[in-house]
Amino acid sequence: MIDYSRLPTSSAKNISVRVKGAAERALRQGHPWVFEDAILRQSHLGNAGDLAVIYDREKNNFLAVGLYDPLSPIRIKVLQALQPMRIDRDFFAEKLKAAQAKREALINEGTTGYRLVYGESDGFPALIIDRYGDTLVMKLYTSAWLPHLQALIGALEEAIVFDNLVLRLSRALQSDRLNVAKLYGLEDGQQLIGAGADKPVTFVENGLLFQADVRKGHKTGFFYDQRDNRQMVREMAKGRRVLDVFSYTGGFSVYALAGGARTITALDISEPALETLKVNVEKNGYEAKLVDVIAGDAFSGLMQLIQARRQFNLVIVDPPAFANSRASMRNAVMAYRRLVEMALRLLAKDGLLMMASCSSRIKADMFFELVERSAKVSGYKLDIVEKTGHALDHPVGFPEAAYLKALFARLRK
């Protein structure tokens, strides 16, 4: 539960802001960020979560309103642009209803696990909400949401039907620097509404059952962004020996089994994730022993498989984000090259490779070229089968929202 009296409140006095011409143009085109160095002047200093109202320089007309975040280079996170609106519970409720309407196709097909709110693309900057059956998981990436948490939760109760609500906090919010737990009584994995998320929750995706630990699992407990790619693997897996690298809790492995894979080998560094993989396999009516799990580092695990002269007909490589900063770009590129080269050494002729990237700094064209060039340099020829991007519940509302890309390719005979 949550003690709202401990939360900070936003100032009744909005911050009046003027920005540079380039920022004005970006706001008119729908970009949801105003950077610190784009601000020409502001009426007064503010606290996290105060509302900042941006006016144009020529006629002093309203441009946008957003959450002020003094600790972030993205100083204003835009909630509403071009047309003034009151930011309150009703405003958030309407945004949530619109977000759910975008997901109707998933809901209608019986999928009960999906991303309900994808940050800025759904009008909620630095915030995501994932649905796991009757449980919602809300993850905050900025303290600017704390003064608006009561209104936001009230809007959720008004707009969305659910039983449980779990709060997840970014690493920054969990840090001693922000001291969110001591100051406001908020903790990562805290249940705000209900009591049914104290154990792993179950949800349906494309007719398959999965279990997720929404209170302690990575991110919010599962990776919904790969749903469409998992379905493609399901359609390609029949009769194949499958290697699932960075398998986590077995999304791709379960889909491959459902598609008629001959054997599955799953490699991940997290032993708890591999235990959940076994549970997910059994939930769908398969024996856990059908999946050979290997707990260990992906790079060393792949090398051991190469040394053992193992061969697979389908290799899935879905690594974490290697490029979290500009400085890490070079190492990220090298890591992708190594993964492509090792994956292809394990791939039988006419086998299929699925290589994905969730590094937003590695753009799609760059990634696809990197994979193809890495294969060529390593002496392999690939026929591209498919290039994919974001799923329905991860809409790309502005360029920086695009991060996921995947390449399906066949190793030429």
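Residues numbered from 1 in each chain as written. Predicted model: local features only at pLDDT ≥ 70, side-chain atom pairs only at ≥ 80, totals over all residues. Heavy atoms only, no water.

1. Here we look at the sheet that holds strand β7 (residues 113-118)
Judged by pairing direction, the sheet is mixed, and its five strands sit side by side in the order β7-β8-β9-β10-β11 without closing on themselves. Strands with a single pairing partner mark the edges of an open sheet, and in this sheet they are β7 and β11 (190-193). If you compare each strand with its neighbour and ignore which way they point, the axes differ by 25° on average. Looking at chain direction, strand β9 (residues 135-140) and strand β10 (residues 164-169) are connected through six bridges and run parallel. Of the residues in β10, the one forming a bridge with Met138 is Leu167. Packed onto the sheet, helix α2 (residues 89-102) meets β7 and β8 (127-132) and runs at close to 140° relative to β7. (Pairing = 2+ DSSP bridges. Helix = DSSP H or I, 4+ residues; strand = E, 2+ residues; numbered from the N terminus. Axes fitted to C-alpha atoms, helices over the stretch in contact; angles between N-to-C directions. Contact = heavy atoms within 4.5 Å.)

2. Quick notes on the side chain of Arg18
Looking at the element boundaries, Arg18 is found in strand β1 (residues 15-19). Of the side chains with opposite charge, Asp56 lies nearest to the buried Arg18, which makes no salt bridge, at 6.6 Å. Of the polar contacts made by the side chain of Arg18, one reaches the side chain of Asn60; its length is 2.3 Å. Beyond its immediate chain neighbours, meaning those up to four positions away, Arg18 contacts Ala38, Ile39, Leu40, Arg41, Tyr55, Asp56 and Asn60. (Buried < 20%, exposed > 50% of the residue type's maximum accessible area, 1.4 Å probe, protein only. Lys, Arg positive; Asp, Glu negative; His and termini not counted. Salt bridge = Lys/Arg side-chain N within 4 Å of Asp/Glu carboxyl O. Polar contact = N/O pair within 3.5 Å; in protein donor to acceptor, adjacent residues only side chain to side chain.)

3. Side note on the sheet that holds strand β5 (residues 62-68)
A sheet is described by the order of its strands in space; here six strands give the open sequence β2-β6-β5-β4-β1-β3, paired in mixed fashion. The sheet terminates laterally at β2 (33-35) and β3 (39-42), the two strands that pair on one side only. With direction set aside, neighbouring strand axes in the sheet form an average angle of 35°. Bridging between β1 and β3 involves three bridges; their strand directions are antiparallel.

4. As for unusual backbone geometry
Most of the time, phi is negative for any residue but glycine, and the peptide bond is trans. Positive phi values are uncommon outside glycine, yet Asn179 reaches one of about 55°. Following the sequence through the fold, Asn179 ends up in the loop between α5 (171-174) and α6 (180-184). Since its relative accessible area comes to 27%, Asn179 is described here as partly exposed. In this model, Arg309 sits at a positive phi of 60°, which is unusual for a non-glycine residue. Structurally, Arg309 is set in the loop between α10 (298-307) and β17 (312-317).

5. Here's the deal with helix α12 (residues 364-377)
The α-helix winds at 3.6 residues per turn, so residues separated by three or four positions along the chain end up facing the same way. In this model α12 runs 20 Å from its N-terminal to its C-terminal C-alpha over 14 residues, within 8% of the 20 Å that 1.5 Å per residue would give. Buried residues of α12: Phe367, Phe368, Leu370, Val371, Ser374 and Ala375, and no others. For α12, the angular spread of the buried residues around the axis is 155°, confining them to a single face. Residues of α12 that are exposed and point more than 90 degrees away from the buried face comprise Asp365, Lys376 and Val377. Looking at the buried positions of α12, the neighbouring elements they touch are α11 (329-345), β18 (347-357), β19 (382-388) and β20 (405-411). (Expected span 1.5 Å × (residues − 1). Arc of directions from axis to C-beta.)

6. Thoughts on the environment of Leu40
Positionally, Leu40 belongs in strand β3. Apart from the residues within four sequence positions on either side, Leu40 is in contact with Arg18, Val19, Lys20 and Arg57.

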